[in-house]
Amino acid sequence: MKITELFERGEFVVSAEVGPPKGFHVEHLLEEAKTYLKGVHAVNVTDNQSSVMRLGSLAMCKALKDEGLNPIFQLACRDRNRIALESDLLSAAMFGIENILCLTGDHTKMGDHPQAKPVFDLDSVSLLHTVSKLEEGEDLGGNKLVGEPPKFAKGAVVSPCSDSVDAQLAKMERKVAAGAEYFQTQAVFEPEKFIKFMEKAKQFGKPVQVGIIIPKSAGMVRFMNNNVAGIHVPDEMIEELKKDPEKAKAGITGVEIAARIIKECKPYCQGVHIMALGWESKVPELLKAAGI
Amino acid sequence: MLITELKAREALMPLVEGKKVFIINCEGCKEVHFPGKEAREFQKELADAGCVTGTITTDYICNPENMELRLQNHMEEIKAADAVLVFSCGVGVQTIANYLEDKKVYAGCDTYPLPGFQGVTPLEYKCDQCGECYLNLTGGICPITACSKSLVNGQCGGSKDGMCEVDNTMECGWERIYRRLAQLGRLDVLKCPTQIRNFATDDEI
């Protein structure tokens, strides 16, 4: 099902993310997804996330769909040129995958193959434009597609707590112009920044799902503060995680923090996107704690 | 402009060790910086070991007619060598390899682009000669060379404290572009149609 239909119905749309493994056995991951993510509307599958080579997003989407889950196919522009991206979009349509998320992608230098050629033939905006063209029955080369054109719910990302939020908003506007129908955000730890961002972003009239990471430990969030763009975890939260290491290790503190952020942001957005980063098992209790 | 750097010893020695070589140096071209001192030191070492059958040092070895005449004067020395070792940019090596098609021709240098053009002191401004100048849409700051991903539709999510995720000593190019356009009162330029790069442009000249 297209998640745009859920937004139209006024649902508070919940999605969660799974990262394919560096190998081809996905039974465990599927089992986890079936157990813990049954309650979410859609499941994002990352595309060689952080430029680390893994099993493909499209194949994992198909496997999830076969298990009755609703996948969101993430496509990054780092590893494929326009021909390969368009081809994979048609393949996705053939598999009945209805949701996509278009990203530029991290640079190859950030991952585990720093010597690889970074492609970036297209970027997130021109990829959205390309999907819009495919939906009109024409590829980016101007050639007609044979038969029924594909139709996707076209998603994009934005970084609301970035220190260059105005440049992010300008890019968001270009994504909307290129066909983006919904947005998922980088992880938010500062609800007040997110709310300010939404005041400006609501002019574009597109649903936004607030991005949530369940913080696992003080070490993890300090690492994110130093290394991950667009994420800043405030000192009070780091202290909260430090206070009772056992409680943090069990995930109780993280779920409390994440639930609090969701509750604060919920009145200002149209959904939540949970990046569990291996803590998929915590998703049900997080949603419960957040009152969703 | 280009800069040539002597290849690593470990890369060069297996090509020449115990063999006879003829050496060609290309010097004097205004477009290319040549590692003269390092190249001569390495060549002296080879000569002292009795490996060198002859040497030409000249400019513009990329000019085939000129080079053909010069090589003809050294054909005996070239024939006596197992390989020809060329210290030049990649164009020079290809010119020699094409003319001496029966000979092993090796590059002694690696070639890298250098910012700036002939007549201009190398500066931080870079031009990739991409054939579709974006400067009019970006406040005069080149998104192809100022952005690590050469993005043409705006900033990615990878800037942290205004710096690029790929190189934290490099300011985010799109942050610079946004700031410049804001300063010029031209943020409306960012509402231009989706830009799609045309990698076929250089074929059409």
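Computed from a predicted structure; not experimentally measured.

Caption draft 1: Structural context of the overall build of chain B. A count of helices and strands for chain B gives seven helices and seven strands. From first element to last, N terminus to C terminus, chain B shows the α and β order β-α-β-β-α-β-α-α-β-α-β-β-α-α. Compactness check: chain B gives a C-alpha radius of gyration of 23 Å against a globular reference of 17 Å for 205 residues, more than 25% above the reference. Structurally, chain B occupies a C-alpha span of about 70 × 35 × 25 Å along its principal axes. Residue burial in chain B is summarised as follows: out of 205 residues, 33% are buried.

Caption draft 2: Representation of the overall build of chain A. Secondary structure summary: chain A contains twelve helices and eight strands in total. Against the 2.2 N^0.38 benchmark of 19 Å for 292 residues, chain A shows a C-alpha radius of gyration of 18 Å, consistent with a compact globule. The C-alpha extent of chain A, read off along each of the three principal axes, is 60 × 45 × 45 Å. Within the span of chain A, comprising 292 residues, buried residues form 50% of the whole.

Caption draft 3: Region of the structure containing the confidence of the model for chain B. Looking at chain B, the pLDDT average stands at 90 and 94% of residues meet or exceed 70. Confidence metrics for the complex model read pTM 0.90 and ipTM 0.92.

Caption draft 4: Structural context of the sheet that holds strand E1 (residues 13–18) of chain A. Residue and element names in this part refer to chain A. Pairing within the closed barrel is parallel, and its eight strands lie in the order E1-E2-E3-E4-E5-E6-E7-E8. Pairwise comparison of adjacent strand axes, ignoring direction, gives a mean angle of 25° for this sheet. Pairing of strand E3 (residues 71–76) with strand E4 (residues 99–103), which is carried by five bridges, proceeds in the parallel orientation. Within E4, the residue paired with Ala-76 across the bridge is Leu-103. Along the sheet face, helix H3 (residues 57–66) touches strand E2 (42–45) and E3 and points at about 180° away from the line of E3.

Caption draft 5: Geometry of the domain arrangement of chain B. Here the domain parsing of chain B yields domain 1 (2–113) and domain 2 (135–200). The C-alpha-based centres of domain 1 of chain B and domain 2 of chain B are spaced at 41 Å.

Caption draft 6: How the structure looks around unusual backbone geometry. Of note, the phi angle at A:Asn48 is positive, near 45°, even though the residue is not glycine. Mapped onto the fold, A:Asn48 is located in the loop between E2 and H3. Of note, the phi angle at B:Tyr60 is positive, near 50°, even though the residue is not glycine. Assignment of secondary structure puts B:Tyr60 in the loop between strand E4 (52–58) and helix H3 (64–72). Residue class for B:Tyr60 comes out partly exposed when judged on the 17 C-beta atoms lying within 10 Å of it.

Caption draft 7: A look at the pairing of strand E5 (residues 153–158) of chain A. Within E5(A), five of the six residues are buried, leaving the element largely enclosed by the surrounding structure. Note on the crossover from E4(A) through helix H5 (residues 124–135) of chain A to E5(A): the handedness is right-handed.

Caption draft 8: Structural detail: the sheet that holds strand E2 (residues 21–26) of chain B. Residue and element names in this part refer to chain B. Within the open sheet, the four strands sit side by side as E4-E2-E5-E6. Their pairing is parallel. In this open sheet, the two edge strands, each paired with only one partner strand, are E4 and strand E6 (104–107). Taken over all neighbouring pairs, the strand axes of this sheet differ in orientation by 20° on average, direction set aside. Strand direction decides the pairing type here: E2 and strand E5 (residues 83–87), joined by five bridges, are parallel. Paired with Val-21 across the bridge in E5 is Ala-83.

Caption draft 9: Representation of the packing of helix H6 (residues 165–178) of chain A against helix H7 (residues 173–184) of chain B in the model. Remark: H6(A) packs on H7(B), axes separated minimally by 10 Å, with the N-to-C direction vectors making an angle of 90°. Overall, the two elements H6(A) and H7(B) adopt an arrangement that is roughly perpendicular. Every residue of H7(B) that contacts H6(A) at A:Asp166, A:Ala167 and A:Ala170 is listed here: B:Trp174, B:Glu175 and B:Tyr178. Considering only residue class, the contact of H6(A) with H7(B) consists of four nonpolar, no polar and two charged.

Here is what the cut-offs are and how they apply
Residues numbered from 1 in each chain as written. Chains lettered and ligands numbered in written order. Predicted model: local features only at pLDDT ≥ 70, side-chain atom pairs only at ≥ 80, totals over all residues. Helix = DSSP H or I, 4+ residues; strand = E, 2+ residues; numbered from the N terminus. Rg over C-alpha atoms; globule rule 2.2 N^0.38 Å. Buried ≥ 20, exposed ≤ 12 C-beta atoms within 10 Å, placed from the backbone. pLDDT = per-residue confidence, 0-100. Pairing = 2+ DSSP bridges. Axes fitted to C-alpha atoms, helices over the stretch in contact; angles between N-to-C directions. Contact = placed C-beta atoms within 7 Å. Domains from an automatic or database assignment. Right-handed = clockwise from strand over helix to strand, strands pointing away. Parallel < 35°, antiparallel > 145°, perpendicular 65-115°, else oblique. Nonpolar A, V, L, I, M, F, W, Y, C, P; charged D, E, K, R; others polar.

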